[in-house]
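Given next are the chains, with one letter for each unit.
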Amino acid sequence: MDHLKSLIREVPDFPKPGINFFDITTLLKDQAGYRDVIDGLRETVAAVPCDVILGIEARGFMFAPTVAYAMGKGFVPVRKPGKLPHKTTQVQYALEYGHDTLEIHTDAVAPGQRVLIVDDVLATGGTAGAVAQLVEKLGGTVAGFAFVIELDFLNGRKKLDGYDVWSLLRY
Ligand code: AMP
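Residues numbered from 1 in each chain as written. Predicted model: local features only at pLDDT ≥ 70, side-chain atom pairs only at ≥ 80, totals over all residues. Heavy atoms only, no water.

## Re helix α2 (residues 31-45)
Okay, step 1: Across its 15 residues, α2 extends 22 Å between first and last C-alpha, which sits within 8% of the 21 Å expected from 1.5 Å per residue.
Okay, step 2: Taken together, the buried positions of α2 are occupied by G33, D36, V37, I38, G40, L41 and V45.
Okay, step 3: Where the residues of α2 are buried, they touch α1 (25-28), α3 (64-71), β7 (114-122), β8 (141-150) and β9 (165-170). (Helix = DSSP H or I, 4+ residues; strand = E, 2+ residues; numbered from the N terminus. Expected span 1.5 Å × (residues − 1). Buried < 20%, exposed > 50% of the residue type's maximum accessible area, 1.4 Å probe, protein only. Contact = heavy atoms within 4.5 Å.)

## With respect to the sheet that holds strand β4 (residues 74-78)
Okay, step 1: Spatially, the 5 strands line up as an open sheet ordered β4-β3-β7-β8-β9, and their pairing is parallel. The open sheet terminates on both sides in strands that have one partner only, identified here as β4 and β9. Strand-to-strand twist in this sheet, taken as the mean axis angle between neighbours without regard to direction, amounts to 20°.
Okay, step 2: Note that β7 and β8 share 8 bridges and pair parallel. Pairing of L116 across the sheet is with G144, part of β8.
Okay, step 3: Of the strands in this sheet, β7, β8 and β9 touch α2, which is tilted by about 150° from β9.
Okay, step 4: Here helix α4 (residues 126-137) sits on the sheet in contact with β3 (52-56), β4, β7 and β8, set at roughly 160° to β8. (Pairing = 2+ DSSP bridges. Axes fitted to C-alpha atoms, helices over the stretch in contact; angles between N-to-C directions.)

## Quick word on the nonpolar core
Okay, step 1: With 28 residues, the main nonpolar core has L27 and F63 as its most contacted residues.
Okay, step 2: Taken together, the elements giving at least two residues each to this core come down to α2, α3, β7, β8 and β9.
Okay, step 3: Excluding residues within four positions of it along the chain, L27 makes contact with L4, L7, I8, G33, Y34, V37, F63 and V148.
Okay, step 4: Within the second largest apolar cluster, 25 residues are counted, among which are V91, L102, A128 and V135. (Core = buried A, V, L, I, M, F, W, Y, C linked by side-chain atoms within 4.5 Å.)

## Digging into α4
Okay, step 1: Taking 1.5 Å per residue as the helical rise, α4 with its 12 residues ought to reach 16 Å, and the 17 Å between its terminal C-alpha atoms agrees with that figure.
Okay, step 2: By the burial criterion, the buried members of α4 are G126, T127, A128, A130, V131, A132, L134 and V135.
Okay, step 3: Trailing α4 by a residue or two, G139 shows a phi angle of about 90°, which is positive.

## Concerning the packing of aromatic side chains
Okay, step 1: This model, assessed by the stated rule, comprises 6 aromatic pairs.
Okay, step 2: Here F14 and F21 contribute two aromatic rings whose centre-to-centre distance is 5.2 Å and whose plane-to-plane angle is 80°, an arrangement assigned as edge-to-face.
Okay, step 3: Its relative accessible area of 12% is what places F21 among the buried residues.
Okay, step 4: On the numbers, 6.1 Å between centres and 5° between planes, the contact of F145 with F147 is stacked.
Okay, step 5: On the accessibility criterion, F147 (2% relative accessible area) is buried.
Okay, step 6: By the ring-pair criterion, three or more aromatic residues cluster together here, those being F145, F147 and Y163.
Okay, step 7: Sitting over the face of the ring of Y171, K5 holds its NZ or CZ atom 4.4 Å from the ring centroid. (Phe/Tyr/Trp six-rings, centres within 6.5 Å; stacked < 30°, edge-to-face > 60°. Lys NZ or Arg CZ within 6 Å of the ring centre and 35° of its normal.)

## Brief notes about the pattern of salt bridges
Okay, step 1: Applying the stated criterion to the full structure yields 9 salt bridges.
Okay, step 2: A salt bridge links D120 to R59; the nearest nitrogen and oxygen atoms lie 3.0 Å apart. Here D120, found in strand β7, pairs with R59, found in the loop between β3 and α3; they are 61 residues apart in sequence, far enough to count as distant.
Okay, step 3: With relative accessibility at 32%, the residue R59 sits in the partly exposed group.
Okay, step 4: Salt bridges linked by common partners bring E150, D152, R157 and R170 together as one network. (Salt bridge = Lys/Arg side-chain N within 4 Å of Asp/Glu carboxyl O.)

Dropping the structure here:
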């Protein structure tokens, strides 16, 4: 899997000084690279019992729905405020750079459903932890988290203590 690292562009000081941004657009446009990353995620979680795959706006939408399709599962979006048209449940969270709010349709996860969360980057773990809260508020169970990239030095995994966490590429 580490060959995929050469397809990820690192952009220093984006979106603000001191942040080394992992740009996955260079991976997405590579035919073999995108296929390998989706196959890698699918194989990583193949044995994990789950009912639905959840993805987080915006970069999570570049991976999670494709993984859902590959696994023959449904897809649930978590979006920024004001985008989902029906009744929503919200959570506030801290980012590596700033703060934000996320929403899910209140009826998107049924009580007792097992939800596998797929995202691009595990940085501080703030986003992932917040999304776990959303799932649990609705009575769902987090089946685990699968990330393309994990930034070990930010210790995001610690914030997700008690959950299963998988990542394809670690930095
Ligand atoms: P965090 O809540 O800190 O784990 O950050 C989660 C989200 O922020 C990830 O899903 C990424 O989309 C984005 N993100 C945070 N840090 C970076 C980074 N250094 N490079 C690229 N994306 C990042």
